[in-house]
Amino acid sequence: MAALSANIEKLNGYLSRFKNTGIMNRIAGEDCAGSAGVFQSISPVDKSVVCDVARGDVSDVDAAAKAAADAFPAWRDMPALERKKILLKVADAIEARAEEIALCECWDTGQTLRFMSKAALRGAENFRYFADQVTASRDGQHLQSPTLMNVTTRKPIGPVGVITPWNTPFMLSTWKIAPALAAGCTVVHKPAEDSPLTARLLVEIAEEAGLPPGVLNTVNGYGHDAGKRLTEHPAIKAIAFVGESRTGSIITKQGADTLKRMHLELGGKNPVIVFDDADLDRALDAVIFMIYSINGERCTSSSRLLIQDTIREEFETKLVERVNNIKVGHPLDPVTEIGPIVTEEHYNKVTSYFDIAKEDGATVAAGGVKVGDEGYFVRPTLFTNANNKMRIAQEEIFGPVLTSIPFSTEEEALEMANDTQYGLTGYVWTNDLTRALRFTDSLEAGMIWVNSENVRHLPTPFGGVKASGIGRDGGDWSFEFYMEQKHIGFATGQHKIMRLGA
Ligand code: NAD
């Protein structure tokens, strides 16, 4: 209790400025009101108003795109080592304000401090990692041909738009913005309307660390006006988008007229497949962690458990016991494991599946209930006696809700794992190496872990297949998106040029 009170007091200190002034947009290094007035950010912890937020619309996005276009040549042409130095300073400054970022993120989104205390550090890591790649990012290849010396080089594509969702918004924003800046692009960021606080902290921190005005601009607002304009703006050359699959499809259409390059990181209904030869204690820990951490509001969460029928009963019994033991509570209490669901709308969506599961004939083996009515809290939930055709097995619930489905053979497990519109991640638990090789080769997912939960390594490719997305982040894949390849051929002699009309 003492730690919770201390954290609330610190949070109130950090929030007081936002309570007074609200959150402004940040364009060309200036605070700007929103042309469409303000909207309010609501905390899911107690449904109180966090603060007013500038509501940007078309004219604000236009101003931000102009600022990004004006700042682009100088940022693009800045010597790589200087750009690297600035990005490293941003990383240091993020770390210095890690507590403020974590507390604000928890209050704004309902995520628990247990997980968000690391989110700022991961954000700093993103800046540091891509800063280290800056000097080599434009290097190309030398491809000799009989008459030409061919070289390739890479150039930043131009000002880009970054559109982010409300789940772990700080970490996700840095995951997109850091490589864009490292590549030499300038950015207009449209954060999710439900989580504006840490996006404001990011632009503020970056500018204080030396990022020139206009290199990163933040426009708050709704997707259907501010977000839409960003995807349509002719000065914006690419859109890095993280959000729902349905939105990914809409923005692809919106960007068509200006031939926008799109990178889409979308939804998932990821399977974790547990075979009876696996290390079942470790598998149990990982299954629980990958759906109930981060409130289950995690694109890579394993929301479908495919469990071999020979071990189903024993595994589910242990699962129920552990799930019932998970601590739901105030996100700033260090012992809390699950906080409230981000918004009323999303809470209604998540809780609607409690009835859908019963209507479909599944069993609510744990949870399936709301907790109090002060905020948007739910008990972590486990559905059993389910099959893969049910809505609880096919639709992305995006909350602390797991659907357990039995299988008997490897073929059946693979068929069910792939029988979904999504293909973001998959997790396979087996001690049979040949089976692991065979299974992962046929599993339709962009990222797969064997005998492990999701452990991110920044140089590896991140992204999904099918309705889970298009494109990859991470390592050099990020630079491929934010940069254009250029080929230049130099004649090495007097090769014969065909003479027409001679
Ligand atoms: P969302 O698609 O509703 O919103 C995401 C962002 O898009 C917000 O900033 C929103 O304002 C904006 N937007 C909405 N309509 C728009 C439009 N017409 N034009 C431009 N912008 C528009 O998603 P959400 O509910 O905020 O986030 C949850 C979703 O994000 C889940 O589906 C989750 O799986 C997905 N997600 C995916 C990844 C990944 O890496 N694949 C990571 C995190 C979250």
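Residues numbered from 1 in each chain as written. Predicted model: local features only at pLDDT ≥ 70, side-chain atom pairs only at ≥ 80, totals over all residues. Heavy atoms only, no water.

Peer 1: Tell me about the sheet that holds strand E14 (residues 363-366), and please be specific about residues and values.
Peer 2: If you walk across this open sheet you meet the seven strands as E14-E17-E18-E13-E12-E19-E20, and the pairing is mixed. Single-partner strands in this sheet number two, and they are E14 and strand E20 (447-450). For this sheet, the mean angle separating the axes of adjacent strands, direction not counted, is 25°. Bridge count between strand E12 (residues 270-274) and strand E13 (residues 302-308): five bridges; the pairing is parallel. Its bridge partner lying in E13, Asn270 is registered against Ser302. (Pairing = 2+ DSSP bridges. Helix = DSSP H or I, 4+ residues; strand = E, 2+ residues; numbered from the N terminus. Axes fitted to C-alpha atoms, helices over the stretch in contact; angles between N-to-C directions.)

Peer 1: Help me get a handle on the sheet that holds strand E5 (residues 142-144), residues and values and all.
Peer 2: Spatial ordering of the open sheet is given by E5-E6-E22, a layout of three strands whose pairing is antiparallel. What marks the edges here is a single partner per strand, and that holds for E5 and strand E22 (483-491). Across the sheet, the mean angle from the axis of one strand to that of its neighbour is 25°, orientation sign disregarded. Where E5 meets strand E6 (residues 148-156), three bridges bridge the pair, whose relative direction is antiparallel. In the sheet register, Gln144 faces E6, and the bridge partner there is Met149.

Peer 1: Please provide a residue-by-residue account of the domain arrangement of the protein, values included.
Peer 2: Split into domains, the protein comes out as domain 1 (2-266 + 468-486) and domain 2 (271-450). Facing the 28 residues of domain 1 at the interface are 32 residues of domain 2. Linking domain 1 to domain 2 there are zero salt bridges. The interface formed by domain 1 and domain 2 includes twelve residue pairs in polar contact (both at pLDDT 80 or more). Taken together, the elements giving at least two residues each to the side of domain 1 that touches domain 2 come down to helix H1 (2-21), helix H4 (98-109) and helix H5 (113-116). (Domains from an automatic or database assignment. Contact = heavy atoms within 4.5 Å. Salt bridge = Lys/Arg side-chain N within 4 Å of Asp/Glu carboxyl O. Polar contact = N/O pair within 3.5 Å; in protein donor to acceptor, adjacent residues only side chain to side chain.)

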